[in-house]
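Inside the fold
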Amino acid sequence: MNKKLCVLTGVGPETGTGAEIARHFSENGYHVAMIARTEDNLRYLEKKYHNTTAYPCDVGNIEDFEKTLKKIQMELGSADVVIHNAPLGTRGSILDLSYQDLEKNFRVNTTALLILSQITLPKMLEQESGTIIVTGNTAAERGKDGWGFFAASKAAQKILAESMAREFGPKGIHVAYIIIDALIDTPRTRPRLAPDKPDSFFASPNHIAQEIFKVVNQDRSAWSFRVELRPYGEYW
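The sections below set out a description of the structure shown in this document. (Residues numbered from 1 in each chain as written. Predicted model: local features only at pLDDT ≥ 70, side-chain atom pairs only at ≥ 80, totals over all residues. Heavy atoms only, no water.)

Among the eight residues of strand S6 (residues 173-180), eight are classified as buried, and the element is accordingly described as predominantly covered. Here S6 shows two buried faces, one formed by Ile173, Val175, Tyr177 and Ile179 and the other by His174, Ala176, Ile178 and Ile180. Where strand S5 (residues 130-137) meets S6, eight bridges bridge the pair, whose relative direction is parallel. Note that in S6 the partner of threonine 131 across the bridge is histidine 174. In this fold, the crossover linking S5 to S6 by way of helix H5 (residues 148-168) has right-handed handedness. Two elements, S6 and strand S9 (residues 226-229), share four bridges in a ladder whose sense is parallel. When the sheet's bridge partners are listed, isoleucine 180 is paired in S9 with leucine 229. (Buried < 20%, exposed > 50% of the residue type's maximum accessible area, 1.4 Å probe, protein only. Helix = DSSP H or I, 4+ residues; strand = E, 2+ residues; numbered from the N terminus. Pairing = 2+ DSSP bridges. Right-handed = clockwise from strand over helix to strand, strands pointing away.)

Given below as structure tokens:
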């Protein structure tokens, strides 16, 4: 391909963060390999966005995820940019949830990042260039009532990303962790979690995608690792 390749997990419904990332990158010089569980939505976005290819896959199924990533390499080539945006956030009391729930959160949030990196990094290292972006949130910074399993796996995700940044940064690979400290304005989030909140309470998926694109295109002399995004009305 003439275009650079972006491999992106967690591509949900149109106007959500993953879909907006796919759209923005596909309109700005990248072909985007879109990975998510819902095949119908991926096929819809593939038709709507030029320079995209749908790869239906549950990243929590590690064996299938590995096969999907190798299929992408065979069909589209090596990735220039990798973005792990697929989240799993099991909510509930520590006493009510099971260790299987905890492990599911780790598979999607943390183990999938490891697999994604192990498969794509070797080619990046050969070229001495490439970018790995992880979208996180405030759960990576502190545990909250009802979100213990999500927070535990996101904190592990952040530390894994930081270790990767320290190991591979000197070898030309930019690793960055994007903390999104906000509810994201999607058709599902706003009516379900904060129907009465003003626009200032939400983060815009479109502008999150733009900021991620800026981080990907940072000059090597001024790379970011930890980037925090929040709407101006967010109390922090």
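This part is about the packing of aromatic side chains. Taken as a whole and assessed by the stated rule, the structure comprises five aromatic pairs. Aromatic pair phenylalanine 201 and phenylalanine 202: ring centres 5.6 Å apart, planes at 85°, arrangement edge-to-face. An aromatic cluster of at least three residues, connected via ring pairs, comprises Phe25, Tyr30 and Phe213. The ring of phenylalanine 201 has lysine 197 sitting right over it, with the charged end atom 4.8 Å from the ring centre. (Phe/Tyr/Trp six-rings, centres within 6.5 Å; stacked < 30°, edge-to-face > 60°. Lys NZ or Arg CZ within 6 Å of the ring centre and 35° of its normal.)

Counting residues in hydrophobic clusters, the biggest one holds 34 residues, and the most contacted among them are Val7, Ile35, Phe65, Leu69, Ile72 and Ile132. Counting only elements with at least two residues in this core, the list comes to strand S1 (4-9), strand S2 (30-36), helix H3 (62-76), helix H4 (99-127), S5, H5 and S6. It is H4 that provides the largest number of residues to this core, a total of eight residues. Core analysis: the next-biggest nonpolar cluster, separate from the first, contains 31 residues, Ala22, Ala176, Ile184 and Ala203 among them. (Core = buried A, V, L, I, M, F, W, Y, C linked by side-chain atoms within 4.5 Å.)

Across all of its chains, the model carries 14 salt bridges by this definition. For arginine 43, the salt bridge is made with glutamate 39, and the minimal N-O distance between the two is 3.4 Å. Separated by four residues within a single helix, arginine 43 and glutamate 39 lie in helix H2 (residues 39-48), roughly one turn from each other. Residue classification places glutamate 39 among the partly exposed positions, given a relative accessible area of 40%. (Salt bridge = Lys/Arg side-chain N within 4 Å of Asp/Glu carboxyl O.)

Secondary-structure assignment places aspartate 181 in the loop between S6 and strand S7 (183-184). For aspartate 181, the residues in contact, after removing those within four places along its chain, are Thr138, Leu229, Arg230, Pro231, Glu234 and Trp236. (Contact = heavy atoms within 4.5 Å.)

Let us now look at the side chain of lysine 158. Here lysine 158 is to be found in helix H5. Among the residues examined, lysine 158 registers a relative accessible area of 15% and is labelled buried. Beyond its immediate stretch of four places on either side in the chain, lysine 158 contacts Ala140, Glu141, Tyr177, Phe225 and Arg226.

For an α-helix, the turn length of 3.6 residues means that residues three or four places apart are oriented alike. Taking 1.5 Å of rise per residue, the 15 residues of H3 would be expected to cover 21 Å, and the 21 Å separating its terminal C-alpha atoms lies within 8% of that figure. Of all the residues in H3, the buried ones are Ile62, Phe65, Thr68, Leu69, Ile72 and Leu76. Buried residues of H3 fall within an arc of 120° about the axis and therefore sit on the same side. Projecting away from the buried face of H3 at angles above 90 degrees are the exposed residues Glu63, Lys67, Lys70 and Met74. Each element contacted by the buried residues of H3 is listed here: S1, S2, strand S3 (52-56) and H4. (Expected span 1.5 Å × (residues − 1). Arc of directions from axis to C-beta.)

Note that all results are geometric; they support no functional claim without further evidence.
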